[in-house]
Amino acid sequence: MRAVRIISEPAEIPSTGQGSRGLVPTMGYLHEGHQELIRRAAAENDEVVVSVFVNPLQFGPGEDYQTYPRDLERDARMAAEAGASWIYHPSPETMYPAGFATTVRVGGPLTERWEGERRPGHFDGVATVVTKLFNQLRPRRAYFGEKDYQQLQVVRRFTADLDLGVEIVPVPVVREPDGLARSSRNVYLTPEERPRATVLYRALLAIREAARGGAAPAKALAAGEAVLATVPEFVPDYLAVVHPETLEPITDWVPGARAIVAGRFPTVRLIDNMEVWDR
Ligand code: AMP
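Trainee: Help me out: how do you make sense of the sheet that holds strand β2 (residues 21–26) in this one?
Mentor: In a beta sheet, neighbouring strands are held together by backbone hydrogen bonds and run either parallel or antiparallel to one another. Strand order in the open sheet formed by 6 strands is β1-β4-β3-β2-β5-β6, with parallel pairing between adjacent strands. Every other strand in the sheet has two partners, leaving β1 (5–7) and β6 (167–171) as the edge strands with one partner each. Averaged over all pairs of adjacent strands, the angle between strand axes in this sheet comes to 30 degrees, irrespective of strand direction. Sheet topology places strand β3 (residues 47–52) next to strand β4 (residues 86–88); 3 bridges connect them, and they run parallel. What sits directly across from S51, in β4, is Y88. Packed onto the sheet, helix α1 (residues 32–44) meets β2, β3, β5 (141–145) and β6 and runs at close to 155 degrees relative to β5. On the sheet, helix α7 (residues 149–161) packs against β5 and β6 and is oriented at approximately 170 degrees with respect to β6.

Set out below in C-alpha cells:
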C-alpha cells in the first residue's frame, strides 16, 4: 500500500469542488481506533482528509507535548490502508504564526468539569484548533471518537453555536481484544501495567452490569469503584455516571447515560467511557 500525499501548507489545500470531504482530525501515531474513523469517513464521503497535528494549545504545562509519540511515515501508510485521500500536516508555526491571538472557548459546566477541571485550557485548545481545521479544510463531515466523549460534546457545541456547517459524526470506542481502549498513549504503559490497564474497562462494565441488574446510579457507581480499588497503582481522577449530553452527574437513569473514568498509572494518564443505560 502506497502512503498518501502529505500537505503542510494551507495554500496547497485542494478545493473540494462538488464532492464531499470527510475530515478525521488526529494528533497522529495512528492506531486501529483512528483507522475506524477513516474507514467510516471513506464510506460516507468522496474524499477523506486525515489531519495529523500535535496541537500545542491543548497541552498544559507538565503534560506530554514534547514526548507525545510521532511517526508521520507510519501514519501515512496506515491512513492510506484505511482509505484516506491525503494527510494534512501543518507545522505549529503555520497554525499559530507570530501575532496569533484568538481563542475559541465553550463556556459553562460542559468544559468546567471532568477533563476541563484536570486540564485547564485543554478544551480551549481543542476548540481553537478544530475551528481552524474546519475553516482551512471546509469538510462536509468530521469524525470524532466517543473515546474522548467530553471532547465530542464540546465539538458539537461550538460547531452548532458558531454555525460552522460541519456534520459531526461520532464513532464508538475501538478496543484492544482485552478491552483496553486503543490510544496513542498506550505505548507508555510498562509490560507490568499493560494487563492491569484493563481496570478502566472492567469498572465501566461493572457499572453497566449493575445498572442492567436494577441498581440505581449511585449503587452501580459503587460497583465500579470496587473494581478500580483492585488496582492500587491506578489513581483515579474521577469515575462518574453522567447525562450523555450535559455530562452532569445523574441520580436516576436517563436514556444513553454514560459512565466516564480517568486516572493515572505512574507512566501515563488514561481515560475511557461507556454507555451504561440504553437509548
Ligand atoms: P487523538 O489522535 O488521540 O487526538 O484522536 C483523534 C481522534 O481519534 C479523536 O476523535 C479520538 O476520539 C479518536 N480516537 C482515538 N482513540 C480512539 C478509539 N480507541 N476509538 C475510537 N476513536 C478513537
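Trainee: Help me understand the packing of aromatic side chains, please; the structure alone is not making it clear to me.
Mentor: The geometry of an aromatic ring pair is captured by the separation of the ring centres together with the interplanar angle, meaning the angle of the planes. One pass over the full model with this rule turns up 7 aromatic pairs. For the pair W114 and Y238, a centre-to-centre distance of 5.1 Å together with 50 degrees between the ring planes defines the contact as tilted. Here W114 is found in the loop between α4 (109–112) and α5 (115–118), whereas its partner Y238 is found in strand β7 (residues 235–242), with 124 residues between them in sequence. With a relative accessible area of 11%, W114 lands in the buried category. Aromatic pair F234 and F265: ring centres 5.2 Å apart, planes at 50 degrees, arrangement tilted. Pair noted here: F234 is in the loop between α10 (217–228) and β7 and F265 is in the loop between β8 (258–264) and β9 (269–275), with a separation of 31 residues, a long-range link. Grouping residues by exposure puts F234 and F265 together as buried. Taken together, F53, Y96 and F100 form an aromatic cluster joined through their ring pairs. Sitting over the face of the ring of Y65, R70 holds its NZ or CZ atom 5.2 Å from the ring centroid. The residue whose ring lies beneath R74 is Y29, and the NZ or CZ to ring-centre distance is 4.7 Å.

Trainee: Got a minute to help me understand the environment of A181 in this structure?
Mentor: Counting through the fold element by element, A181 comes out in the loop between β6 and α8 (193–196). A C-alpha to C-alpha distance of 16 Å links A181 and G28, two positions 153 residues apart in sequence.

Trainee: Whenever I open this one, the site of the ligand confuses me. Can you help?
Mentor: For the ligand, the set of nearby residues contains 17 residues, the closest of which are M27, G145, D148, V174 and R182. Within the contact set of the ligand, a nitrogen atom lies 2.8 Å away from a backbone nitrogen or oxygen of V174. Residue R182 places a main-chain N or O atom 2.8 Å away from a nitrogen atom belonging to the ligand. Protein contacts shield 93% of the accessible area of the ligand, which totals 480 Å² for the unbound molecule. Secondary-structure elements contributing two or more residues to the shell around the ligand are β2, α1 and β5. Its residues placed into classes, the shell around the ligand shows 8 nonpolar, 6 polar and 3 charged.

Trainee: Sorry, what's going on with the pairing of β2 here?
Mentor: Regular strands place side chains that alternate from one sheet face to the opposite one. Burial analysis of β2 places 6 of its 6 residues in the buried class, the great majority of the element. By the alternation rule, side chains of β2 split into R21, L23 and P25 and G22, V24 and T26, which are all buried. Here 6 bridges tie β2 to β3, and the two strands are oriented parallel to one another. Opposite R21, over in β3, you have E47 as the bridge partner.

Trainee: Is there a simple way to think about the nonpolar core in this case?
Mentor: Most often, soluble globular proteins have nonpolar side chains that are buried together. Judged by nonpolar contacts, the single largest core of 37 residues is most densely connected at Y88, F134, L137, F144, F158 and I168. Listed by contribution, the elements that provide at least two residues to this core are β4, α6 (122–137), β5, α7, β7 and β8. At 8 residues, α6 tops the list of elements feeding residues into this core. There are two domains that each give this core at least three residues, and those are domain 1 (12–171) and domain 2 (184–275). With residues up to four places along the chain from it excluded, the contact list for L137 reads I13, T16, R21, L23, V49, W86 and Y88. Counting 30 residues, the second largest nonpolar core, distinct from the first, contains L189, I207, V261 and M274.

Trainee: What am I meant to see in α7 here?
Mentor: Each turn of an α-helix holds 3.6 residues, which means side chains three or four residues apart point in the same direction. The first and last C-alpha atoms of α7 sit 19 Å apart over 13 residues, in line with the 18 Å expected at 1.5 Å per residue. What α7 keeps buried is the set Y149, Q150, Q151, L152, Q153, V154, V155, F158 and T159. Note on α7: the residue one or two positions beyond its end, D163, has a positive phi of about 50 degrees.

Trainee: How should the pattern of salt bridges be read in this particular structure?
Mentor: Tallied over the full model, the rule gives 20 salt bridges. Close ionic contact of E44 with R40 constitutes a salt bridge, the shortest N to O distance being 2.7 Å. One end of the pair is E44 and the other is R40, both in helix α1 and 4 residues apart, which spans about a single turn. Residue E44 is classed as partly exposed on the basis of its relative accessible area, which comes to 30%. R157 is the salt-bridge partner of D161, the closest N and O atoms lying 2.8 Å from each other. With D161 and R157 both in helix α7 and 4 residues apart, the pair spans about one turn of that helix. On the accessibility criterion, R157 (40% relative accessible area) is partly exposed. Through salt bridges with shared partners, a single ionic network connects E115, D237, R264 and R269.

Conventions we followed
- The written sequence of each chain sets the order in which its residues are numbered from 1.
- This being a predicted model, a pLDDT of at least 70 is required before a residue's local features are given, and a value of 80 or more before pairs of side-chain atoms are given or counted; all residues contribute to the totals for chains, interfaces and linings.
- Side-chain measures here rest on the full set of heavy atoms in the structure, leaving out hydrogens and waters.
- Between any two strands, at least two bridges found by DSSP are needed for them to pair.
- Helix and strand definitions follow DSSP, with helices as H or I runs of at least four residues and strands as E runs of at least two, each counted in order from the N terminus.
- Fitted lines through C-alpha atoms serve as axes, helices being fitted only where they are in contact, and the angles separating the N-to-C directions of these axes extend from 0 to 180 degrees.
- Here a residue-residue contact requires only that any non-hydrogen atoms of the pair lie within 4.5 Å.
- Classification of ring pairs uses Phe, Tyr and Trp, with its six-membered ring standing for Trp, and accepts pairs whose centres are within 6.5 Å; under 30 degrees between planes counts as stacked, over 60 as edge-to-face, and the remaining range as tilted.
- Buried, partly exposed and exposed residues are distinguished by accessible area as a fraction of the type maximum, computed with a 1.4 Å probe on protein chains only: under 20%, between the cut-offs, and over 50%, respectively.
- Lysine NZ or arginine CZ positioned within 6 Å of the ring centre and within 35 degrees of the ring normal marks a charge as sitting over the ring.
- It suffices for a single heavy atom of a residue to lie within 4 Å of a molecule or strand for the residue to be listed as near it.
- For this analysis, a polar contact is any N or O atom pair within 3.5 Å, provided that within protein one partner can donate a hydrogen and the other can accept it, and provided that sequence-adjacent residues contribute only side-chain to side-chain pairs.
- Note on areas: Shrake-Rupley with a 1.4 Å probe; residue coverage comes only from the protein chains shown.
- Asp, Glu, Lys and Arg are counted as charged, while Ala, Val, Leu, Ile, Met, Phe, Trp, Tyr, Cys and Pro are counted as nonpolar; the rest, among them Gly, fall into the polar class.
- Only buried residues count toward a nonpolar core. Its members are Ala, Val, Leu, Ile, Met, Phe, Trp, Tyr and Cys residues joined through side-chain atoms within 4.5 Å.
- Throughout, the edges of the domains are those of an automatic or database domain assignment.
- A helix is expected to span 1.5 Å multiplied by its residue count minus one.
- One side-chain nitrogen of Lys or Arg within 4 Å of one carboxyl oxygen of Asp or Glu is enough to make a salt bridge.

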